[in-house]
Amino acid sequence: MTHQHVPQNLPKRIQHFIDGEFVDSVDGATFDVLEPVSNQNYLEAAAGKQADVDRAVAAARRAFDEGPWPRMLPRERARVLNRIADIVETRNERLAEWETFDSGLPITQALGQAKRAAENFRFFADLIVAQSDDVYQVPGKQVNYVHRKPKGVAGLITPWNTPFMLESWKLAPALASGCTVVLKPAEFTPLSASLWPEIFREAGVPDGVFNLVHGIGEEAGDALVKHEDVQLISFTGESATGKLIFANAAPTLKALSMELGGKSPAVVFADADLDAAIDSTVFGVFSLNGERCTAGSRILVERPIYDEFVRRYVERAKNVKVGDPRDPATEVGALVHPEHHEKVVSYIEIGKTEATLAAGGGRPKGLETGNYVEPTVFIDVPPTARIFQEEIFGPVVAITPFDTEEEALRLANDVKYGLAAYVWTSNLERAHTFGQRIEAGMVWLNSHNVRDLRTPFGGVKASGLGHEGGYRSLDFYSDQQAMHITLAPVHTPKFGA
Ligand code: NAD
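It should be emphasised that the depicted structure is a prediction, and the values quoted were computed from it without experimental measurement. Residue positions are given per chain, counting from 1 as you read along its sequence in written order. Per-residue local features are limited, in this predicted model, to residues with pLDDT of at least 70; the limit for side-chain atom pairs, both in listing and counting, is 80 or more; totals at the level of whole chains, interfaces and linings are taken over all residues. Just so you know, side-chain values use all the structure's heavy atoms and leave hydrogens and water out.

Quick look at the pairing of strand β19 (residues 442-445)
In the case of a regular strand, side chains alternate between the two sheet surfaces. This is how the line gets drawn: Three exposure classes are used, based on accessible area relative to the maximum for each residue type with a 1.4 Å probe and protein chains only: buried under 20%, partly exposed in between, and exposed over 50%. Counting from the N terminus, the helices are DSSP H or I runs at least four residues long and the strands are E runs at least two residues long. Here, the term right-handed applies to a crossover whose path from the first strand over the helix to the second runs clockwise when the strands point away from the viewer.
Burial along β19 is one-sided: M442 and W444 are buried, while V443 and L445, pointing the other way, are not. Handedness of the strand β18 (residues 420-424)-helix α15 (residues 428-437)-β19 crossover: right-handed.

With respect to the packing of helix α14 (residues 405-413) against α15
Basically, it comes down to this: Here an angle of 0 to 180 degrees is reported between the N-to-C directions of two axes, which are lines fitted to C-alpha atoms, with helices fitted over the stretch in contact. Handedness of a crossing is defined here by the sense of rotation of the near helix relative to the far one, left-handed for an anticlockwise turn of less than a right angle and right-handed for a clockwise turn. Should any heavy atoms of two residues lie within 4.5 Å, those residues are counted as being in contact. Asp, Glu, Lys and Arg are counted as charged, while Ala, Val, Leu, Ile, Met, Phe, Trp, Tyr, Cys and Pro are counted as nonpolar; the rest, among them Gly, fall into the polar class.
The N-to-C vectors of α14 and α15 enclose an angle of 35 degrees; their axes lie 10 Å apart at closest approach. The element α14 and its partner α15 pack so that their crossing is right-handed. Contacts between α14 and α15 involve E405, E406, A408, L409 and N413 on the former and, on the latter, R430, F434 and R437. Each residue belonging to the contact of α14 with α15 can be placed in one class, and the counts come to 3 nonpolar, 1 polar and 4 charged.

Description of the UniProt feature "domain: Aldehyde dehydrogenase" (unreviewed entry) in the protein
In plain terms, the rule: UniProt positions are given in the numbering used here, feature names are shortened, and annotations may be inferred rather than shown by experiment.
UniProt marks residues 23-481 with the feature "domain: Aldehyde dehydrogenase" (unreviewed entry), using the numbering shown here. When the span residues 23-481 is considered, its composition is 41% helix and 19% strand, and the gap between its end C-alpha atoms is 37 Å.

Observations concerning the packing of aromatic side chains
The line we're drawing: Pairs were defined over the aromatic rings of Phe, Tyr and Trp, the Trp ring being its six-membered one, requiring ring centres within 6.5 Å. Orientation was assigned from the angle between planes: stacked under 30 degrees, edge-to-face over 60, tilted for the rest.
Counted by the stated rule, this structure contains 18 aromatic pairs. Centre to centre, the rings of F17 and F22 are 5.0 Å apart; their planes meet at 55 degrees, and the pair counts as tilted. Their ring planes at 5 degrees and their centres at 4.0 Å tell us that F164 and W196 sit as a pair that is stacked. Of this pair, F164 sits in helix α6 (residues 163-177) while W196 sits in helix α7 (residues 196-203), and the two are 32 residues apart along the sequence. The class of F164 is buried, set by a relative accessible area of 1%.

A look at the sheet that holds strand β5 (residues 40-46)
Inclusion rule: A strand pair is defined by DSSP finding two or more bridges across the two strands.
Spatial ordering of the open sheet is given by β1-β5-β4, a layout of 3 strands whose pairing is mixed. In this open sheet, the two edge strands, each paired with only one partner strand, are β1 (13-14) and β4 (30-35). Two strands pair when backbone bridges link them, and β4 and β5 are joined in this way by 6 bridges, in the antiparallel orientation. Residue pairing across strands places F31 opposite A45, the latter belonging to β5.

A word on the nonpolar core
The cut-off we apply is this: The set of buried Ala, Val, Leu, Ile, Met, Phe, Trp, Tyr and Cys residues whose side-chain atoms join them within 4.5 Å is what this entry labels a nonpolar core.
Residues I84, V88, F121, L171, W196, F200 and F210 are the most contacted members of the largest nonpolar core, which totals 59 residues. In terms of residue count, helix α5 (residues 113-130) provides more of this core than any other element does, 9 residues in total. Counting residues in each nonpolar core, the second largest holds 42 residues, with A272, L274, Y306 and A317 among its members.

Comments concerning the side chain of T294
With respect to the secondary-structure elements, T294 resides in the loop between α10 (274-286) and β14 (298-302). The class for T294 is buried, based on a relative accessible area of 3%. Excluding residues that lie within four positions of it along the chain, T294 makes contacts with S264, L419, A420, Y422, M442 and N449.

Things to note about the domain arrangement of the protein
To keep things clear, this is the line we draw: Note that domain bounds follow an automatic or database assignment of domains. Here the quantity called buried area is the total loss of accessible area, with a 1.4 Å probe, experienced by two parts when brought into contact, counted for both.
Partitioning the protein into domains gives domain 1 (13-260 + 459-482) and domain 2 (265-445). In this structure, domain 1 and domain 2 have C-alpha centres spaced 31 Å apart. Counting from both sides, the interface comprises 27 residues of domain 1 and, opposite them, 36 residues of domain 2. In this assembly, domain 1 packs against domain 2 so that about 2,400 Å² is buried in total across both faces, 61% of it on carbon and sulfur atoms.

Let's talk about the pattern of salt bridges
To keep it simple, the criterion reads: We count a salt bridge whenever a side-chain nitrogen from Lys or Arg sits within 4 Å of a carboxyl oxygen from Asp or Glu.
This structure, assessed with the given rule, holds 26 salt bridges. Of the charged contacts, one joins R122 and E89 as a salt bridge, the two residues approaching to 3.3 Å between their closest N and O atoms. Within this pair, whereas R122 is found in helix α5, its partner E89 is found in helix α2 (residues 74-90), the two being separated by 33 residues in sequence. Note on E89: relative accessible area 31%, which makes it partly exposed. Two residues, R303 and D403, come together in a salt bridge whose shortest N-O distance is 3.1 Å. Here the residue R303 occupies a position in helix α11 (residues 303-319), and D403 occupies one in the loop between β17 (396-402) and α14, the gap between them amounting to 100 residues. A network of salt bridges, in which partner residues are shared, links R91, R94, E198 and E202.

A look at the packing of α2 against α7
For any two helices packed against each other, the geometry is given by the interaxial angle and the distance between the axes. Definition in use: When describing relative orientation, an angle under 35 degrees is termed roughly parallel and one over 145 degrees roughly antiparallel, while 65 to 115 degrees is termed roughly perpendicular and anything else oblique.
In contact at an axis separation of 9 Å, α2 and α7 are set at 130 degrees when each is read in the N-to-C sense. Classed by the angle they form, the pair α2 and α7 counts as oblique. Considering how the two elements wind past one another, α2 and α7 form a crossing that is right-handed. Contacts between α2 and α7 involve V80, R83, I84, I87 and V88 from the former and W196, I199, F200, E202 and A203 from the latter.

A short note on the sheet that holds strand β21 (residues 478-486)
An order of β6-β7-β21 is seen for the 3 strands of this open sheet, with the pairing classed as antiparallel. Unpaired on one side and paired on the other, β6 (135-138) and β21 mark the two borders of the sheet. Across the sheet, the axes of successive neighbouring strands diverge by a mean angle of 20 degrees, strand direction being ignored. Taken together, the 4 bridges between β6 and strand β7 (residues 142-150) define a ladder with antiparallel strand orientation. Its bridge partner lying in β7, V135 is registered against Y145.

Observations regarding helix α12 (residues 338-354)
In plain terms, the rule: For a helix, the expected span equals 1.5 Å multiplied by the number of residues minus one. Here the arc refers to the directions that run from the helix axis out to each C-beta atom.
In a regular helix each residue adds 1.5 Å, so 17 residues correspond to 24 Å; α12 covers 24 Å between its end C-alpha atoms and thus fits that length. Within α12 the residues assigned to the buried category are H340, H341, V344, Y347, I348 and G351. Mapping the buried residues of α12 onto a view down its axis gives an arc of 125 degrees, with all of them on the same face. Seen from the buried face of α12, the exposed residues on the opposite side, beyond 90 degrees, are E339, E342 and T353. Close packing links the buried residues of α12 with β16 (376-379), α13 (386-389) and β17.

Things to note about the environment of A270
Here A270 lies in the loop between β13 (265-268) and α10. Overall, the relative accessible area of 32% leaves A270 in the partly exposed class. Aside from chain neighbours lying at most four places away, what touches A270 is E302, P304 and I305.

And the structure:
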């Protein structure tokens, strides 16, 4: 490991955080964590198993049943959430440095993450204070109202792409709703999650409300999913893992929210603003190293502009700067882990047999070690190709021409996923009518992914289950109890009278 590369203040080992205390695993087990530039181990993390999850869930249960958190007024919880947001923002530089080091995310793209994480806490603080629930009146007979209460102990399982930010997506609405939580971060990138305990402590979150168990998915994650005393699982990760969790949660009938994989289309019509479409579709698949659930990884281009689009796109892709994630000039850094690197490279090899390689396709020159991949463009990709159908989760894009709107729609929808879609056209009517027919949870017209936190977030088909975002997240983390009040004598059949 090159030593100037290692951030200062980096821990050598990280522990679980249970009931307000840092603890090792009950059996003392740990796992090694590597960083993706040198692929050297630099950190030992406590490896949680059933016994550790049991401890964390018991602490969360106690805090839920006996502690103040679920019973606090929304304003009181909101104050704590706002303090969390303020503290998160003060960690911006350290977070960016750690995230870049641990995950290979380019530093310029890591630098915004703390702000976005803080915004999640502010947003849900506002929402719980402003929230109102329904009342139904039956004049003279009945009043019914909705009594909202937190669901209980929330199990939060998160992936390794933008780990801290994605953890905040779940932590903020879960805590805002009054749930207590057990977070199981991704084992590839557990470093930044170790910032949460001190942030929550400083903000005044009571002991036991936030618990953190590190570990392997099949051990710590699995124990959380199967735990009798966990009321819900919010999961973000691969569709295959989502299916397994769905089955494993069945015996305990948990509430599930799943944000899964994607293979999102960007559809570019001939009347599109081509400059804007190229900027956006290049960014859409190469930002965050292409390790992005909503990446526009299939670009469908109308035939009259296909050649020009491809020529300009390829030129840009060849110019994208791959390099050390810490270098502010870097646009694509190192992929998170050698296993993932191998997966992405194997898809590139498959692509070479299925379509025409127009840019990239290998290891960038001068970067002989580390998990680097050239930004890779395949053109004339048939819809039957695996690189058209399967999520690669790296800087690899498939470009395919189309002749008619119906063909574009068929191509857009002809995959098992349905997370996001991007439509480029200057025809207002078509933008809406075409966009609405795409099987995707989220559609952007003439834009890449820019999201208002109030809008629904989630996918359809293999991309997810349920939608979070705004009040939908609060609904997921709370129960809405129907209270019925009788205002007049009720007609009661007199059985046995
Ligand atoms: P993954 O499914 O391998 O792992 C995600 C998390 O699940 C990790 O914490 C892992 O330890 C845990 N896990 C693994 N097996 C488990 C099991 N049997 N029981 C319980 N937990 C288990 O996903 P990943 O490789 O970390 O992340 C990349 C994937 O996440 C991609 O498919 C990407 O599209 C998806 N993703 C989706 C969204 C979205 O919002 N839709 C956002 C980001 C990432």
